[in-house]
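Next come the chains, spelled out residue by residue.
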Amino acid sequence: MEEYALIMRHEDGKKVASPEQIQEWMKQTMDWIGGIAAQDKFVSGTGLPFDDSRVVHHNKLVTNGPFGDIKETIGGLIVVKAKSVDEAVEFAKGCPVLHGDGNTVEVRRIAKDDGIH
Amino acid sequence: MEQQLIPHLFRAEYHKIVTVLCRHLGIEHLDEAEDIAAETFLSALESWPYKGVPPNPIAWLYAVAKNKTRNFQNRSQTYSHRIAPELKGDMNVTETDLDLTDQNIKDSQLQMLFALCHPSIPVESQIGLSLRILCGFGIEEIANGFLTGKDVINKRLFRAKEKLREAKVQIEMPSESAMTQRLETVLTTIYLVFNEGYYSESNDEVIRESFCHEAMRLIRLLLDNDSTNQPEVNALYALMCFHASRFKARKGQNGDMILHADQNESLWDVELISQGADYLNRASTGSKLSKYHLEAGIAYWHTKKEDTKEKWDSILQLYNKLLIISYSPVAALNRTFALSKVKGVTIAIEEAEKLKLSDNHFYHVLLAELYSLINRRKAVDHLMTASTLAKTKSDKELIQKKIQLLKTRD
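Residues numbered from 1 in each chain as written. Chains lettered and ligands numbered in written order. Predicted model: local features only at pLDDT ≥ 70, side-chain atom pairs only at ≥ 80, totals over all residues. Heavy atoms only, no water.

*Asks:* Honestly, the overall build of chain A in this entry has me stumped. Any pointers?
*Replies:* The number of helices and strands found in chain A is 2 helices and 6 strands. Looking at chain A alone, contacts between residues at least 24 apart form 75% of all its contacts between residues at least 6 apart. About 7,600 Å² of surface is accessible on chain A, with carbon and sulfur atoms providing 53% of the total. (Helix = DSSP H or I, 4+ residues; strand = E, 2+ residues; numbered from the N terminus. Contact = heavy atoms within 4.5 Å. Areas by Shrake-Rupley, 256 points an atom, 1.4 Å probe, with all protein chains shown as cover.)

Right, here's the structure in full:
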């Protein structure tokens, strides 16, 4: 069994959602994660709120938030257990972030701490 | 009169005397503590029928226990004086009386709870020891509760006591830094004692309910102490109140089980339900959300018989969170049932099939329930599979009843 990170990307982090909308998204996200956890395949998860975020550039310039030059922003990530990348992809397909046009979920295998991978 | 009085006192006092004694003598003398406590009750059995019941029976028992303890200590002190005179420490042992005040009984029980639920001891043994030492159940009662023989329980307790001695477990409260972890072990054990009573297959209804009541009493010990009165302890107590409120309603006339959806809610104990709600409120402090919080939250919603959108929405979200922090097949199946209430059976069936629990009979009961409105044939098939997978007679009977109901439904 491998572990995969499912990284949720939003096309436009500048969009502002209403509290009701955010609550509905939260519910959908919890239903998605709950479905994975019900299969005993959930490892961990981290939400990444946009407020209080900064971007540090190569010349140590600090800008507010992951906005502006960077088009896509990461909304959060979860780590799941899966036998193959295909199984991880099946989990990713259920992610509610994908309801938004242009949003993506990136599936990445997590390197094992065995000095080889 | 003493015929009923002595068993009653045994149930109420034996475990107190053993616990205080054991703390007094040290965990390595657990057997002796049990012997002295048993002899104390034997003395009552021998003396009361002839001399009459003393005016204060409990004080009488305590006085006898104190004497017997003093004799035991004198004997073992003489022994150590003769055999090991070079051990200076033993020469200075001051003879202190057994302290059987309410406060010391409570303190001793709490410390003993932490000693018996020590991480170095297998959880099965923790349960057995707690039932025996802290709750005063007899070997036969414990065996009945676990649907097993006295030999098995005796062996289990023997090994558990050996472990306690080997691990040199101290009868004391854990340090502040170790408290969170140790408390978790204690709560797990008490929860298992409760479940043993609540879900056991044993027909001995009295024993089963008293397992539950004793588990609740042990939680109250924790709630009464500032260092252990933590949010998750309140949450677990709330959960037990909600469950216990259904004791009467879940028993049929022939002693058969009545499932939650078919229960007559007028038999639910409203007093316990409101107590549960009260403790759940008290649990809502701090930043840690334990699985007991979530399970108590789910049990709270189940005290409302009426199906509302809010109810099933909340239950689904609670199961989502519960599975994230602690997976179990039961939670996975119950979540899927909640999902069917919120999003409909088609989505729920899809999700159920991903659970990979097809060797679990509850999985097939769930699928039968989901299919029952849209495909009766499939529902019956799943119940047939469930019936072959079910291990106990009462489970098989419940499933057969469901098959009959489905077949005769229009």
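*Asks:* Help me understand the overall build of chain B, please; the structure alone is not making it clear to me.
*Replies:* A tally of helices and strands in chain B yields 19 helices and 0 strands. Considered along the principal axes of its C-alpha atoms, chain B spans approximately 85 × 50 × 35 Å. If you take every contact in chain B between residues at least 6 apart in sequence, the share linking residues at least 24 apart comes to 65%. Here chain B has roughly 20,900 Å² of accessible surface; of this, 52% comes from carbon and sulfur atoms. Here chain B contributes 51 positively and 54 negatively charged side chains, and the mean placements of these two sets differ by 4 Å. (Lys, Arg positive; Asp, Glu negative; His and termini not counted. Charge placed at Lys NZ, Arg CZ, Asp CG, Glu CD.)

*Asks:* Sorry, what's going on with a nonpolar patch on the surface here?
*Replies:* On the surface, a nonpolar cluster with roughly 320 Å² of combined accessible area is contributed by A:I22, A:W25 and A:M26. Turning to its location among the elements, A:I22 is positioned in helix α1 (residues 19-37). (Patch = residues over 30% accessible without salt bridge, like charges linked within 9 Å, V, L, I, M, F, W, Y side chains within 5 Å. Salt bridge = Lys/Arg side-chain N within 4 Å of Asp/Glu carboxyl O.)

*Asks:* I'm lost on the environment of B:R11 in this one. Help?
*Replies:* Residues and elements named next belong to chain B. Within the secondary structure, R11 is located in helix α1 (residues 2-25). For R11, a relative accessible area of 30% translates into the label partly exposed. For R11, the contacting residues outside a window of four places in its chain are C135, G136, F137 and E141. Here the side chain of R11 touches E141 through a polar contact of 3.1 Å, side chain to side chain. (Buried < 20%, exposed > 50% of the residue type's maximum accessible area, 1.4 Å probe, protein only. Polar contact = N/O pair within 3.5 Å; in protein donor to acceptor, adjacent residues only side chain to side chain.)

*Asks:* Is there a simple way to explain the pattern of salt bridges in this structure?
*Replies:* When the charged atoms of two side chains with opposite charge come close together, those side chains can pair. Applying the stated rule across the entire model yields 28 salt bridges over all chains. The salt bridge involving A:K93 is made with A:E90; its shortest N-O contact spans 3.0 Å. With A:K93 and A:E90 both in helix α2 (residues 85-93) and 3 residues apart, this pair spans about one turn of that helix. Assessed through its relative accessible area of 56%, A:K93 is described here as exposed. One network of salt bridges, in which partners are shared, links B:D31, B:E34, B:R132, B:K161 and B:R165.

*Asks:* Just to check I follow, could you spell out helix α18 (residues 376-389) of chain B for this structure?
*Replies:* All names here are of chain B. Between its first and last C-alpha, α18 extends 20 Å over 14 residues, near the 20 Å set by a 1.5 Å rise per residue. Every buried residue of α18 is listed here: A379, V380, H382, L383, A386 and S387. Down the axis, α18 shows its buried residues gathered within 160° of arc, on one side only. Exposed residues lying more than 90 degrees from the buried face of α18 are R377 and T388. On its buried face, α18 sits against α17 (361-371) and α19 (393-408). (Expected span 1.5 Å × (residues − 1). Arc of directions from axis to C-beta.)

*Asks:* Explanation requested: the packing of helix α2 (residues 30-51) of chain B against helix α8 (residues 150-166) of chain B in the structure shown.
*Replies:* Residues and elements named next belong to chain B. α8 packs onto α2 with a crossing angle of 125° between their chain directions and a minimal axis gap of 10 Å. Taken as axis vectors, α2 and α8 run oblique relative to one another. Residues L30, D31 and E34 of α2 form the contact with α8, whose participating residues are K161, L164 and R165. Here the residues of the contact of α2 with α8 are counted per class, giving 2 nonpolar, no polar and 4 charged. (Axes fitted to C-alpha atoms, helices over the stretch in contact; angles between N-to-C directions. Parallel < 35°, antiparallel > 145°, perpendicular 65-115°, else oblique. Nonpolar A, V, L, I, M, F, W, Y, C, P; charged D, E, K, R; others polar.)

*Asks:* Is there a simple way to explain the domain arrangement of chain B in this structure?
*Replies:* Interface size, as often reported, equals the accessible area lost upon joining of the parts. Residue and element names in this part refer to chain B. Splitting chain B by domain gives domain 1 (1-100), domain 2 (102-228) and domain 3 (230-247 + 265-305). Distance from the C-alpha centre of domain 2 to the C-alpha centre of domain 3: 22 Å. In total, about 1,700 Å² of surface goes out of reach between domain 2 and domain 3, with carbon and sulfur atoms giving 72% of it. Between domain 2 and domain 3 we count 5 residue pairs in polar contact (both at pLDDT 80 or more) in total. (Domains from an automatic or database assignment. Buried area = accessible area lost by both parts, 1.4 Å probe.)

*Asks:* For this particular structure, what's the right way to read the sheet that holds strand β2 (residues 42-47) of chain A?
*Replies:* Hydrogen bonds between backbone atoms are what pair the strands of a sheet, whose relative direction is either parallel or antiparallel. All names here are of chain A. Here we have 4 strands laid out as an open sheet, ordered β2-β5-β1-β6, and antiparallel in their pairing. Two strands bound the open sheet, and with one partner strand each, they are β2 and β6 (104-109). Taken pair by pair, the neighbouring strands of this sheet meet at an average axis angle of 15°, ignoring direction. Relative to β6, strand β1 (residues 2-10) runs antiparallel, the two sharing 6 bridges. Bridge pairing in β6 places I7 opposite E106. Across the sheet, α1 touches β1, β2 and β5 (73-82), and the angle it forms with β5 is around 15°. (Pairing = 2+ DSSP bridges.)

*Asks:* Quick question: what am I supposed to make of the nonpolar core here?
*Replies:* General note: in soluble globular proteins, nonpolar side chains tend to be found buried as a group. Residues and elements named next belong to chain B. Core analysis: the biggest nonpolar cluster contains 89 residues, and M112, L113, I190, I219 and L222 have the highest contact counts within it. With residues near it in sequence (within four places) discarded, I219 still touches L187, I190, V233, L236, Y237 and M240. Counting 53 residues, the second-largest nonpolar core is a separate cluster that includes L322, A331, L370 and L383. (Core = buried A, V, L, I, M, F, W, Y, C linked by side-chain atoms within 4.5 Å.)

*Asks:* Would you mind going over unusual backbone geometry with me for this structure?
*Replies:* What you tend to see is this: most non-glycine residues have negative phi, and most peptide bonds are trans. In this model, A:K60 sits at a positive phi of 65°, which is unusual for a non-glycine residue. Structurally, the position occupied by A:K60 is in the loop between β3 (54-56) and β4 (62-64). Despite not being glycine, B:K356 shows a phi value in the positive range, around 55°. Looking at where B:K356 falls in the secondary structure, it is placed in the loop between α16 (345-353) and α17. Overall, B:K356 belongs to the exposed group, its relative accessible area being 60%.

*Asks:* It is not clear to me how the interface of chain A and chain B should be interpreted in this structure. Could you clarify?
*Replies:* Each partner contributes to the interface: chain A provides 11 residues, whereas chain B provides 14 residues. Between chain A and chain B, the buried area comes to about 1,200 Å², and carbon and sulfur atoms account for 58% of it. Among the ionic pairs, B:K343 bridges to A:D31, the shortest N-O distance being 3.1 Å. At the boundary of chain A and chain B, one finds 6 residue pairs in polar contact (both at pLDDT 80 or more). For the side of chain A that touches chain B, the leading source of residues is α1(A), giving 7 residues.

*Asks:* Would you take a moment to explain the state of the cysteines for this structure?
*Replies:* All names here are of chain B. For the coordinates displayed, the defined rule picks out 0 disulfides over all chains. Unpaired in terms of disulfides, C212 finds its nearest cysteine sulfur in C135, a separation of 11 Å. With relative accessibility at 0%, the residue C212 sits in the buried group. (Disulfide = S-S within 2.5 Å.)

*Asks:* What is the right way to look at the pairing of β1(A) in this model?
*Replies:* Successive side chains on a regular strand alternate, one facing one side of the sheet and the next facing the other. Bridge count for β1(A) against β5(A) is 9 bridges, and the pairing is antiparallel. When the bridges of β5(A) are listed, A:R9 appears paired with A:I74.

*Asks:* Quick question: what am I supposed to make of helix α9 (residues 176-199) of chain B here?
*Replies:* In an α-helix there are 3.6 residues to a turn, and that puts residues three or four apart on one side. With 24 residues, α9(B) should reach 34 Å at 1.5 Å per residue; the first-to-last C-alpha distance of 34 Å fits that figure. Along α9(B), the helix axis deviates most sharply at B:R182, where the bend reaches about 30°. (Bend = angle between axes of the 7 residues up to and from the residue.)

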